[in-house]
Amino acid sequence: MELMLQQFINAVSLGSIYALVALGVAIVFSILRLANFAHGELMTVAGYTLYATLLAGVHWFLAALAAIAASVIAALLLERLAYRRLRSANPLTLLITSFAVSVALQSLFLLFFGARPKGIELPAFVDAGFRIGQLRVQWLDVFIIVITGLIVLSLHLFLKKTVIGLALRSAADDFRTTRLMGIKANAVVVGAFMLSGALAGIAALFYFATVPNVVPSSGFEPMLKGFIACVIGGLGSLPAAVVGGFLLAFLEVGSDAILSNSLSPYLDAIVFGIAIILLRWRPGGLFGVRMTEDLRV
Amino acid sequence: MNFKASDVVMKFKGLTALDGVSLEVAKGEIVGLIGPNGSGKTTLLNVTSGVYSPTSGSFSMGAEIWSKISLRDAARRGIRRTFQNIRLFNSLTVLETVEVASAWLGTGDRRENALNALDELHFTQHRDRMATELAYGMQRRLEIARAIAGKLEFLLLDEPTAGLNHGESEEIVTIVQAIRRRRGCGIVIIDHDLNVIMNVCDRVVVLSEGKVIASGPPQEVRRDPQVIKAYLGS
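Just so it is clear, the model here is predicted, and its values are computed rather than measured.

Asks: Looking at this structure, I do not really get empty space enclosed by the protein. What am I missing?
Replies: Unoccupied space between atoms shows up once a probe the size of one water molecule is rolled over them. Residues and elements named next belong to chain B. Per the counting criterion, the structure on display carries two cavities of 30 Å³ or more. The calculated volume of the largest cavity comes to roughly 60 Å³. Contributing elements (two or more residues each) for the lining of the largest cavity: β6 (79-81) and α5 (136-148). Here the residues of the lining of the largest cavity sort into six nonpolar, no polar and four charged.

Asks: Looking at this structure, I do not really get the interface of chain A and chain B. What am I missing?
Replies: Size of an interface: often given as the accessible area lost when the parts come together. Taken residue by residue, the interface counts 20 residues in chain A and 24 residues in chain B. Both sides of the chain A and chain B interface together cover about 2200 Å² of buried area, and 61% of this is carbon and sulfur. For chain A, the biggest contributors to the area lost against chain B are A:Leu166, A:Leu180 and A:Met181; these three give 30% of the whole. Our count for the chain A to chain B interface comes out at three salt bridges. Note that B:Arg87 and A:Asp174 form a salt bridge whose closest N and O atoms lie 3.0 Å from each other. Remark: the boundary between chain A and chain B carries seven residue pairs in polar contact (both at pLDDT 80 or more). Mapped by element, the contributors of at least two residues to the side of chain A that touches chain B are α5 (139-161), α6 (163-173) and α7 (175-179) of chain A. At six residues, the largest contribution of residues to the side of chain A that touches chain B is made by α6(A). Its residues assigned to classes, the side of chain A that touches chain B comprises six nonpolar, four polar and 10 charged.

Asks: It is not clear to me how the packing of aromatic side chains should be interpreted in this structure. Could you clarify?
Replies: Where two aromatic rings form a pair, the distance of their centres and the angle of their planes describe that pair. As enumerated under the stated definition, the model contains 15 aromatic pairs over all chains in all. The interplanar angle of 80 degrees and the centroid separation of 5.1 Å between the aromatic rings of B:Phe12 and B:Tyr52 together place this pair among those described as edge-to-face. Taken together, the residues span a long stretch of sequence, with B:Phe12 in strand β1 (residues 3-12) and B:Tyr52 in the loop between α1 (41-49) and β4 (56-61) at a distance of 40 residues. Clustering of aromatic rings is evident, with ring pairs tying together B:Phe3, B:Phe59, B:Trp66 and B:Phe154. Taking NZ or CZ as reference, A:Arg282 lies 5.8 Å from the ring centre of A:Trp281, over its face. Its guanidinium or amino end placed over the ring of B:Trp66, B:Arg77 lies 4.5 Å from that ring's centre, counting from NZ or CZ.

Asks: What am I meant to see in the pattern of salt bridges here?
Replies: Oppositely charged side chains are able to pair whenever their charged atoms sit close together. Applying the stated rule across the entire model yields 20 salt bridges over all chains. A salt bridge links A:Lys225 to A:Asp268; the shortest N-O distance between them is 3.3 Å. One end of the pair, A:Lys225, is in helix α9 (residues 220-233); the other, A:Asp268, is in helix α11 (residues 267-281), with 43 residues separating them in the sequence. Residue A:Lys225 is classed as buried on the basis of its relative accessible area, which comes to 1%. As a salt-bridge pair, B:Arg110 and B:Glu99 come within 2.9 Å of each other at their nearest N and O atoms. Residue B:Arg110 is located in helix α4 (residues 110-120), and its partner B:Glu99 is located in helix α3 (residues 94-105); the two are separated by 11 residues in the primary sequence. Of the residues examined, B:Arg110 reaches a relative accessible area of 23% and is grouped as partly exposed. Residue classification places B:Glu99 among the buried positions, given a relative accessible area of 2%. In the salt-bridge network here, residues are joined through shared partners; they are A:Glu221, A:Lys225, A:Glu252 and A:Asp268.

Asks: Explain the pairing of strand β3 (residues 135-138) of chain A here, please?
Replies: Along a regular strand, successive side chains alternate from one face of the sheet to the other. Residue and element names in this part refer to chain A. Burial along β3 is one-sided: the face carrying Leu135 and Val137 is buried and the face carrying Arg136 and Gln138 is not. Here four bridges tie strand β2 (residues 129-132) to β3, and the two strands are oriented antiparallel to one another. Across the sheet, Ile132 pairs through a bridge with Leu135, a residue of β3. The turn joining β2 and β3, which pair antiparallel and follow one another in sequence, is formed by two residues; a positive phi near 65 degrees is taken by Gly133.

Calculation notes
Within any chain, residue numbers begin from 1 and follow the written order of that chain's sequence. Whichever chain is written first is A, and whichever ligand is written first is 1; the rest continue in order. Two thresholds apply to this predicted model, a pLDDT of at least 70 for residue-level local features and 80 or more for giving and counting side-chain atom pairs, whereas whole-chain, interface and lining totals are computed over all residues. Where side-chain values are given, they derive from all heavy atoms of the structure, hydrogens and water being excluded. As defined here, a cavity is a set of points on a 1 Å grid over the protein atoms alone where a 1.4 Å probe fits but cannot get out. A pocket is an open set with protein on both sides within 12 Å along at least five of seven lines, and residues line them when an atom is within 4 Å of a point. Grid points are joined across faces, edges and corners, and a volume is the space filled by probe spheres set on the points. A run of H or I in DSSP becomes a helix once it reaches four residues, and a run of E becomes a strand once it reaches two; helices and strands are each numbered from the N terminus. Note on residue classes: Ala, Val, Leu, Ile, Met, Phe, Trp, Tyr, Cys and Pro are nonpolar, Asp, Glu, Lys and Arg are charged, and everything else, Gly too, is polar. Contacts between residues were defined by any pair of non-hydrogen atoms, one from each residue, lying within 4.5 Å. Here the quantity called buried area is the accessible surface, traced with a 1.4 Å probe, that two parts lose on coming together, added over both. Take a side-chain nitrogen of Lys or Arg and a carboxyl oxygen of Asp or Glu: if they are within 4 Å of each other, that pair is a salt bridge. Counted as a polar contact is a pair of N or O atoms within 3.5 Å, where, for protein atoms, one must be capable of donating a hydrogen and the other of accepting one, and residues adjacent in sequence contribute only when both atoms are in side chains. Two rings belonging to Phe, Tyr or Trp (six-membered ring only in the last case) form a pair when the distance between their centres is within 6.5 Å. Interplanar angles under 30 degrees mark stacking, angles over 60 mark edge-to-face geometry, and anything in between is tilted. Sitting over a ring, as applied to charges here, requires NZ of Lys or CZ of Arg to be within 6 Å of the ring centre and within 35 degrees of the ring normal. Here the term buried applies to any residue with accessible area under 20% of the maximum for its type, exposed to any over 50%, and partly exposed to those in between, with areas from a 1.4 Å probe on protein chains only. The criterion for strand pairing is that DSSP finds at least two bridges linking the strands in question.

This is how it looks when you write it as structure tokens:
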């Protein structure tokens, strides 16, 4: 029983990280139909900022804020320098561009920080925990789950109750018609990238708290998982991205618990295989949304 | 404010969709735009509302003159429109659909403006339903409600009665007349239902192959031999 509860907490905690990454990917995709594969590099930017600021003796809370800010700034720079001129390009061009941006950023990280892993000096409370009977719960997991819950709730209220949220939702449905409502295209796109950057920064804090090393390619794996979570849930829908994130995490933790040690190295392959079977059944994802054919802005 | 399009040309690669079209609509006037399929009616609405940039020509409204305009700027000047194929937002409710426009193009309370626009279109209920779950005729009306929420100087209606039954078409005619009476804006309406055009329009402009071939009062245009040949048939 304790083991099952432990696995449940692990899955919710991991799902929280995947959900945040998936949300960041989904926000940009829903508006621009851009699968931003450089989203992982935004997390890496946050990772290196965390490494550098903690190494410089900055308080962990300020370091965390700096990491999120760095990720937001990087997202805005990506939008301005790489994607803005290509908004009217076809989705394939955007996809290839995002790959190119991802590779270019990884090369930059390599140039500035080298290939060796940089250990992040995490504060002591990250390893602290408490016991409920035989069950040991890490405060970090509690923190990740609670903060993610608050973020998802805040994002829901922001999108539902504010004028900017209303604009973002309408833009996600039909960008061209949204502009006919007098809404500035740049404001919506910049808003989406800001949110995406902030989510990448927060997801990076949680990710690097569990894997406290940063290398140039650190962002690739969480980005891939986040993207798959989006696809499983249904690309273009934010609630679906969150559900997809948790589902992927439960698949991963559940498979890990069931599989024998000899099959553990193939965990990702098995989980992705299950995801493919799921998509065979529902090609648009579990909550696939209908998208307008007008993909251009 | 009077709206004027002068000598508008729109070319798509080898195809000339509009070939020197001029159109003037006075404040409070309803102008019908008719013509065979492919004659350039929707293209004229598209260049006017900023969907396309015309190859040449100019537009004016009051003291403002322009040759190209963005979707957003057209809306901010009060040039509002509906679409031949309904384009509502999938994830918004009826009220939110109208609120988007009233928030960015209106002054004062966005909720109140949106509710007023819905009242004008006889949406006494269904405000919390998803827009795309409404019956087809109601979706048509909702598009018009969205187009009149906030600033409105000039309204472009692209086939507002397409796919509607007789009763629903009659209701659209009443709504369009009420909008003109209350808002005093100029209105251009494209429709293949000649009864709608004859009942609601002060003037009719006929396009054929990207050119204006006739313009005048509905009954006069209906008898024009050139219009009969190009569009109405014998």
